[in-house]
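Survey of secondary and tertiary structure
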Amino acid sequence: MQLIDTHVHLNFDRFEADLEAVRDRWREAGVVRLVHSCVEPAEFAGIQAIASRFPEIAFAVGLHPLDAHKWTDSTREEILALASSDSRVVAIGETGLDFYKADNKELQKTALEAQLFVALQLKLPVIVHCRDAALEMAGLLRDFWDRFGAVKGVMHCWGGTPDETQWFLDLGFYISFSGTVTFKNATGIQESAGAVPEDRLLIETDCPFLAPAPKRGKRNEPAYVRYVAEKVAKLRNVSLETLAAQTTQNACQLFGLPVTQSSEIPDGALKAAVARAAL
């Protein structure tokens, strides 16, 4: 069984002391590829360095909506240049809209649309963050699609209702579920996870945030994507192996990742890795 964690932040300080051990756990848990997101272009060199240490990591470059106040006239060209400089860049982002923690709506929209243009120019997908902004996000994307053409992408760490989910499926997006899908009261997210077509479904951790049950309150890490996979498989009434194969194929399709040729992780090794992660 092979898994792909499609959204991580391993460059954060919380991983500095033990990143090698974190790597060992994700490999033993069957995580064969990871997509490292980017909050702002200043992170790029650090993310590159991590990807050079761990070749299963691909990465993105972009500006997070909560950092939209850092947007300048030159940021678009900076993102374009960085994305063009390294073949390991597989996406633009994370970008998007967040009206929960910030009220600079117009600046966020400006930064998002500019990054959509970069993705369109480079033929790369976008990693989209959307919080308390689904209606505005869908409208902006529809307008962009009508004027300039469609961009591939993923709604990451998705927390929307089934109706909102359908808006983005209609725009051609993939939908990625994180540890929030395992939370007890996340009924809307769970309904969405059960309804997404199998060829548009992705899983992620968004580590170090949002550790899934039964790890809530702990630092999240890529090995825990297995808990997300288990929950989504249960919601969809399929086996874990089927869910892993579907989401791995989808991640490779969206991000242009090479299909790994490594053999399946033995069940004993997987159980040992899970036991270690529980300590």
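In this text, all values refer to a predicted model and were calculated from it rather than measured experimentally. (Residues numbered from 1 in each chain as written. Predicted model: local features only at pLDDT ≥ 70, side-chain atom pairs only at ≥ 80, totals over all residues. Heavy atoms only, no water.)

1. Quick look at the confidence of the model for the protein
For the protein, mean pLDDT is 93; residues scoring 70 or higher make up 93% of the total. Here residues 261–279 scores under 50 on pLDDT; set against residues more than four positions off or in separate chains, the count is 25 contacts. (pLDDT = per-residue confidence, 0-100. Contact = heavy atoms within 4.5 Å.)

2. Comments concerning the pattern of salt bridges
One side chain can pair with another of opposite charge once the charged atoms of both are near each other. Taken as a whole and judged by the stated rule, the model has 16 salt bridges. The closest approach of N and O atoms between Asp-18 and Arg-219, which form a salt bridge, is 2.9 Å. Of this pair, Asp-18 sits in the loop between strand 1 (3–8) and helix 1 (19–28) while Arg-219 sits in the loop between strand 8 (201–203) and helix 8 (225–236), placing them 201 residues apart in sequence. A salt bridge links Arg-76 to Glu-77; its shortest N-O distance comes to 2.6 Å. Taking relative accessible area as the criterion, Glu-77 reaches 44% and is therefore assigned partly exposed. Put simply, Asp-18, Arg-25, Arg-219 and Glu-221 are held in one network by salt bridges that share partners. (Salt bridge = Lys/Arg side-chain N within 4 Å of Asp/Glu carboxyl O. Helix = DSSP H or I, 4+ residues; strand = E, 2+ residues; numbered from the N terminus. Buried < 20%, exposed > 50% of the residue type's maximum accessible area, 1.4 Å probe, protein only.)

3. Quick look at the sheet that holds strand 2 (residues 31–36)
Sheets are built from strands paired through backbone hydrogen bonds, the pairs being either parallel or antiparallel. Strand order in the open sheet formed by 8 strands is 1-2-3-4-5-6-7-8, with parallel pairing between adjacent strands. The open sheet has two edge strands with one neighbour each: strand 1 and strand 8. Strand-to-strand twist of the sheet, defined as the mean angle between neighbouring strand axes without regard to direction, takes the value 30°. Where helix 4 (residues 105–122) meets the sheet, it contacts strand 4 (89–98) and strand 5 (126–131), and its direction lies at approximately 160° from that of strand 4. (Pairing = 2+ DSSP bridges. Axes fitted to C-alpha atoms, helices over the stretch in contact; angles between N-to-C directions.)

4. What to know about the environment of Asp-5
Mapped onto the secondary structure, Asp-5 falls in strand 1. Residue classification places Asp-5 among the buried residues on the basis of a relative accessible area of 0%. Separated by 247 residues in sequence, Asp-5 and Cys-252 place their C-alpha atoms 11 Å apart. Residues in contact with Asp-5, not counting those within four places in the same chain, are Val-31, Arg-33, Leu-34, Val-35, Ile-203, Glu-204, Thr-205, Pro-222 and Val-225.

5. As for the packing of helix 4 against helix 5 (residues 134–148)
Packing of helix 4 against helix 5 leaves a shortest axis separation of 11 Å and a crossing angle of 40°. Viewed along their axes, helix 4 and helix 5 adopt a mutual orientation that is oblique. The two elements helix 4 and helix 5 cross, and the hand of that crossing is right-handed. In this structure, helix 4 contributes Lys-105, Lys-109, Leu-112, Glu-113, Leu-116, Phe-117 and Leu-120 to the contact, and helix 5 contributes Glu-136, Met-137, Leu-140, Leu-141, Phe-144, Arg-147 and Phe-148. Of the residues assigned to the contact of helix 4 with helix 5, the class counts are 9 nonpolar, no polar and 5 charged. (Parallel < 35°, antiparallel > 145°, perpendicular 65-115°, else oblique. Left-handed = near helix turned anticlockwise from the far one by under 90°. Nonpolar A, V, L, I, M, F, W, Y, C, P; charged D, E, K, R; others polar.)

6. Notes on the pairing of strand 3 (residues 57–61)
Among the 5 residues in strand 3, 5 count as buried, and that is most of the element. Of the two faces of strand 3, the one carrying Ile-57, Phe-59 and Val-61 and the one carrying Ala-58 and Ala-60 are both buried. Across 3 bridges, the pairing between strand 2 and strand 3 is parallel. Looking at the pairing, Leu-34 lines up with Ile-57 of strand 3. Two strands pair when backbone bridges link them, and strand 3 and strand 4 are joined in this way by 3 bridges, in the parallel orientation.

7. Section: the packing of helix 5 against helix 6 (residues 162–170)
At a minimum axis distance of 10 Å, the contact between helix 5 and helix 6 shows a crossing angle of 15°. Classed by the angle they form, the pair helix 5 and helix 6 counts as roughly parallel. Pair helix 5 / helix 6 crosses with left-handed handedness. Two secondary-structure elements touch here, helix 5 through Ala-134, Leu-135, Met-137, Ala-138, Leu-141 and Arg-142 and helix 6 through Glu-164, Trp-167 and Phe-168. Split by residue class, the contact of helix 5 with helix 6 holds 7 nonpolar, no polar and 2 charged.

8. Quick notes on the side chain of His-64
Within the secondary structure, His-64 sits in the loop between strand 3 and helix 3 (75–84). A polar atom in the side chain of His-64 sits 3.0 Å from the backbone nitrogen of Leu-66. If near-sequence neighbours (up to four positions away) are discounted, His-64 is found in contact with Val-39, Glu-94 and His-129. (Polar contact = N/O pair within 3.5 Å; in protein donor to acceptor, adjacent residues only side chain to side chain.)

9. Some points on the environment of Arg-216
Mapped onto the elements, Arg-216 comes out in the loop between strand 8 and helix 8. With 37 residues separating them in the primary sequence, Arg-216 and Gly-179 have C-alpha atoms 8.7 Å apart. If near-sequence neighbours (up to four positions away) are discounted, Arg-216 is found in contact with Phe-183 and Ala-211.

10. A short note on helix 5
With 15 residues, helix 5 extends 21 Å between its outermost C-alpha atoms, agreeing within 8% with the 21 Å of an ideal straight helix rising 1.5 Å per residue. Within the sequence span of helix 5, burial applies to Ala-134, Met-137, Ala-138, Leu-140, Leu-141, Phe-144 and Trp-145. Seen from one end, helix 5 has its buried residues packed into an arc of 165°, which puts them on one side. Along helix 5, the residues that are exposed and aim more than 90 degrees away from the buried face are Leu-135 and Asp-146. Close packing links the buried residues of helix 5 with strand 4, helix 4, strand 5, strand 6 (153–155) and helix 6. Positive backbone phi, at 120°, marks Gly-149, one or two positions downstream of helix 5. (Expected span 1.5 Å × (residues − 1). Arc of directions from axis to C-beta.)

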